[in-house]
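Chain and residue survey
Okay, here's what each chain looks like letter by letter:
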Amino acid sequence: MRINHNIQALNAYSKLSKNQIATGKALEKLSSGLRINRAADDAAGLAISEKMRGQIRGLQQAEKNAMDGVSLIQTAEGALSEVHDMLSRMRELAVQAANGTLTETDRTVIQDEINQLRQQIDRVGNDTQFNTKKLLNGSLSENARNRSLYGDILYSEGGGGLRDIKIDAASSLPAGNYKMNVVTDSKVLNMEGIDDTYYTGLENFLLSPDTDLAAGEYKMYLEANVSSDVTTLDLSKSKLEDGNYVIVGDEENGVIYRAGKDGKPVGSPLGKATDLLGIDASEITNDTKFTQSTTYTLTVKNGDEVVGKAENISFNNEEPINIYKVKKDTNGNYVENKDAGNIGLTVDFTNTGAKYVKRGGALEGEPYHSFKIDKLQRPSVILKDENDKVIAHQFVDNDRKFIEFGSTGITFGTGVVKAGETATNIVVRETLENASLTFQVGTNAGEVIALGISDIRTKALGIDKFKLTDETSASNAIAIIDGAIDKVSQVRSKLGAYQNRMEHTVNNITQSTENLTAAESRIRDADMAKEMTEFTKLNIINQSATAMLAQANQLPQGVLQLLKG
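Parameters at a glance
- Throughout, residues of each chain are indexed from 1 in the direction in which the sequence is written.
- Local features are withheld for residues below a pLDDT of 70 in this predicted model, meaning they are given only at 70 or higher, and side-chain atom pairs are given and counted only at 80 or more; totals for whole chains, interfaces and linings count all residues.
- In computing side-chain values, all of the structure's heavy atoms are included and hydrogens and water are not.
- Each helix is a run of H or I in the DSSP string that is no shorter than four residues. Each strand is a run of E no shorter than two, and both are numbered from the N terminus.
- This radius of gyration counts C-alpha atoms alone. The globule rule is 2.2 Å times how many residues there are, raised to the power 0.38.
- Type-normalised accessible area, obtained with a 1.4 Å probe on protein chains alone, sets the label of each residue: buried when under 20%, exposed when over 50%, and partly exposed for intermediate values.
- Throughout, a residue-residue contact means that at least one pair of heavy atoms, one from each residue, lies within 4.5 Å.
- Think of it this way: Lys and Arg go in the positive column, Asp and Glu in the negative one, and His and the chain ends go nowhere.
- By convention, the charge on Lys lies at NZ, on Arg at CZ, on Asp at CG and on Glu at CD.
- Put simply, a nonpolar core is a bunch of buried Ala, Val, Leu, Ile, Met, Phe, Trp, Tyr and Cys residues held in one set by side-chain atoms that sit within 4.5 Å of each other.
- The axes are straight lines fitted to the C-alpha atoms, using for helices just the contacting stretch, and the angles between their N-to-C directions are given from 0 to 180°.
- Reported orientations rely on four angle classes, namely roughly parallel under 35 degrees, roughly antiparallel over 145, roughly perpendicular from 65 to 115, and oblique for the rest.
- In this scheme the handedness of a crossing depends on how the near helix is turned from the far one: anticlockwise by less than a right angle means left-handed, clockwise means right-handed.
- Side-chain classes are defined by residue name, with Ala, Val, Leu, Ile, Met, Phe, Trp, Tyr, Cys and Pro counting as nonpolar, Asp, Glu, Lys and Arg as charged, and the others, Gly among them, as polar.
- The pairing criterion is simple: DSSP has to find at least two bridges between the two strands.
- Under the convention used throughout, the expected extent of a helix is 1.5 Å for every residue step, that is, one less than its residue count.
- pLDDT expresses how confident the predictor is about each individual residue, on a scale running from 0 to 100.
- Residues enter patches when their relative accessible area tops 30% and they take part in no salt bridge; the joining distance is 9 Å for like charges and 5 Å for the nonpolar side chains Val, Leu, Ile, Met, Phe, Trp and Tyr.
- Accessible areas in this description were obtained via Shrake-Rupley with a 1.4 Å probe; residue shielding takes into account the shown protein chains only.
- By definition here, a salt bridge exists when the distance from a side-chain nitrogen of Lys or Arg to a carboxyl oxygen of Asp or Glu is within 4 Å.

1. Regarding the overall build of the protein chain
- Scanning the protein chain for helices and strands turns up eight helices and 26 strands.
- Over its C-alpha atoms the protein chain spans a radius of gyration of 42 Å, topping by over 25% the 24 Å that the globule rule assigns to 565 residues.
- Based on the C-alpha atoms only, the size of the protein chain along its principal axes is roughly 165 × 65 × 40 Å.
- Here the protein chain, with 565 residues, has 42% of them falling under the buried criterion.
- When contacts within the protein chain are restricted to residue pairs at least 6 apart in sequence, those whose partners lie at least 24 apart make up 72%.
- Across the protein chain, 63 positive and 77 negative side-chain charges occur, with their mean positions spaced 12 Å apart.

In structure tokens, the structure reads:
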């Protein structure tokens, strides 16, 4: 018998300590509901569980992403629904305008509504947004023609008013080099009290605030120059549209047909040659083939003084027309002087009013357009291209910190602007790129759905220029609008298909999240019944170990009996 070391007590204590540690773990599992509370509980299981938790949280966010995508698509599709309604109304108006019972005035009124609908479609295209992202202006399409600024903008010394010049990716500005300048005394157009605004149909004027024209009253005259490839034919009084024609018959018997590619008559006769061409019967020769083409001249006058001119222009010009300064030729006639620069006035021939829009031929009377120029003590910022053509201008109040330059997509910050301040070398470049939206609908990299949304503004739909001037043009407009309706339908169908796909994606993510959560639960969560059984067992063992430790502590007392003997 030994008294220095109570081996039985040490053994009982060891077992009791182990049981208490196991009991603590059992209590921890029962308290937390988790089988794995620390890496030591199950190192491999913890690693697997944490990866699964990352996947689960990723799937939960992916589900939110997909729902956000559905919301975005619904926003775009709702706007397109309105565009469809407007296109249907435009088609209805075109069908109405194609009816021969309408007068020219009736069609002018119809054209006014068409123009308003165009503006609204463009507004929808430019302003429909989701979380500040513009959806329908083409900036999110698969083939987006995005604009960006290239190089360093050069600001004038001592300025500070013009700064932070930027451009929207969906800007419609052509690629090129632009410049901006400031004037504090601004010239402005004034149409108040003018009742001949549409005498030429050129209602879209743009006057640069820094024009050299003095304040006063002006008139712009429109002159048609009708020519033929047959020099013996005088077409100055022609009532025909530009095109290829052939005369069948001589003198009084001569009638005009449209000419096919082979020069032979096509369709029904258009009328007598003398009536349509306004020439003497003696000038009519059988089988005369000719091509008519028309250009126009714009002349700006201040009273009797010619101050500006634009020559050899057409109603089909894609860009606004510059009016140039003038000089006298050798015959003493005023002609445009491009070398001297423009007068700061442009006219948009692409959106002229219906009344005087021609597809060639002589004009009736001497159409003109009156306008006034006033002077304001208000600062303006002017945007011009490299040819000094005014593109846009904007009044600037010095208490504003951010200015948007009309529909150009140019924005800039302002301090206190000063007269003569400039910003040059504003180089706009155009790049073709895939700017589709990507929705992260999976938990791993690359698990995305890409969606491109086409431009639905009037230019992209091809409805920005047609005019309802007569039955023929109105009939042609019906086909143009049908094409636009088809394009919008394609965009809406695509959005609908993607919305269905996204909703199926949400359902799939929900199911995947459920299954993955169940798998992770089997690894990480505690089986409460099993853990309670284990705890009960350990609790009993702890009581037994405690009792045995007490008994073991009494064993050395046997030595006292030996010592007594």
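Let us keep going from here.
2. Here we look at the nonpolar core
- Counting residues in each nonpolar core, the largest one holds 46 residues, and the members touching the most others are L87, M90, L136 and L468.
- Those elements that place two or more of their residues in this core are helix 2 (43-97), helix 3 (104-127), strand 25 (437-440), strand 26 (448-451) and helix 6 (471-524).
- Counting residues per element, this core draws most heavily on helix 2, at 14 residues.
- Aside from chain neighbours lying at most four places away, what touches L136 is A76, A79, L80, V124, G125, T128, I453, S454, D455, I456 and R457.

3. Description of the environment of L549
- In this fold, L549 is placed in helix 7 (residues 528-554).
- Given the relative accessible area of 16%, L549 is considered buried.
- For the pair formed by L549 and N333, sequence separation is 216 residues and the distance between their alpha carbons is 129 Å.
- Setting aside residues up to four positions removed in sequence, L549 forms contacts with A9, A12, Y13 and L16.

4. Focus: unusual backbone geometry
- Residues other than glycine seldom take positive phi values, yet T132 does so here, at roughly 75 degrees.
- You can see T132 is positioned in the loop between strand 1 (129-130) and strand 2 (133-134).
- Even without a glycine there, the phi angle at N312 is positive, about 55 degrees.
- Taking the relative accessible area as the measure of exposure, N312 reaches 61% and is therefore exposed.

5. Let's talk about the packing of helix 2 against helix 6
- Between helix 2 and helix 6, whose axes approach to 7 Å, the crossing angle comes to 165 degrees. On the basis of their axis angle, the class for helix 2 and helix 6 is roughly antiparallel. Once helix 2 is placed against helix 6, the crossing between them reads as left-handed.
- In terms of residue class, the contact of helix 2 with helix 6 is built from 34 nonpolar, 14 polar and eleven charged.

6. A look at the pairing of strand 7 (residues 186-190)
- Counting buried positions along strand 7 yields four of five residues, so the element is predominantly enclosed.
- One ladder, built from five bridges, connects strand 7 with strand 19 (residues 368-376); its direction is antiparallel. Bridge pairing links N190 to K372 in strand 19.

7. Let's talk about the side chain of S49
- Within the secondary structure, S49 is located in helix 2.
- You can call S49 buried: its relative accessible area is 0%.
- Each residue touching S49, except ones within four places of it in the same chain, is listed here: E520, I523 and R524.

8. Re helix 7
- The first and last C-alpha atoms of helix 7 sit 39 Å apart over 27 residues, in line with the 39 Å expected at 1.5 Å per residue.
- Packed against the buried residues of helix 7 are helix 1 (7-32).

9. Details of the confidence of the model for the protein chain
- Looking at the protein chain as a whole, its pLDDT mean stands at 85, while 93% of the residues score no less than 70.
- Contacts of residues 351-356 to residues separated by more than four positions or lying in other chains number 24 contacts, the stretch itself having pLDDT below 50.

10. Quick word on a negative patch on the surface
- Taken together, the side chains of D234, D250, E251, D280 and E283 define an acidic patch exposed on the protein surface.
- Taking the relative accessible area as the measure of exposure, D280 reaches 47% and is therefore partly exposed.

11. Re the pattern of salt bridges
- For the coordinates displayed, the defined rule picks out 23 salt bridges.
- For R38, the salt bridge is made with E28, and the minimal N-O distance between the two is 2.8 Å. A residue pair is termed long-range when its members are at least 10 positions apart, and R38 in the loop between helix 1 and helix 2 and E28 in helix 1 qualify at ten residues.
- By relative accessible area, R38 is classed as partly exposed at 37%.
- The class for E28 is partly exposed, based on a relative accessible area of 27%.
- Within this structure, E28, R38 and D41 form a network of salt bridges that share partners.

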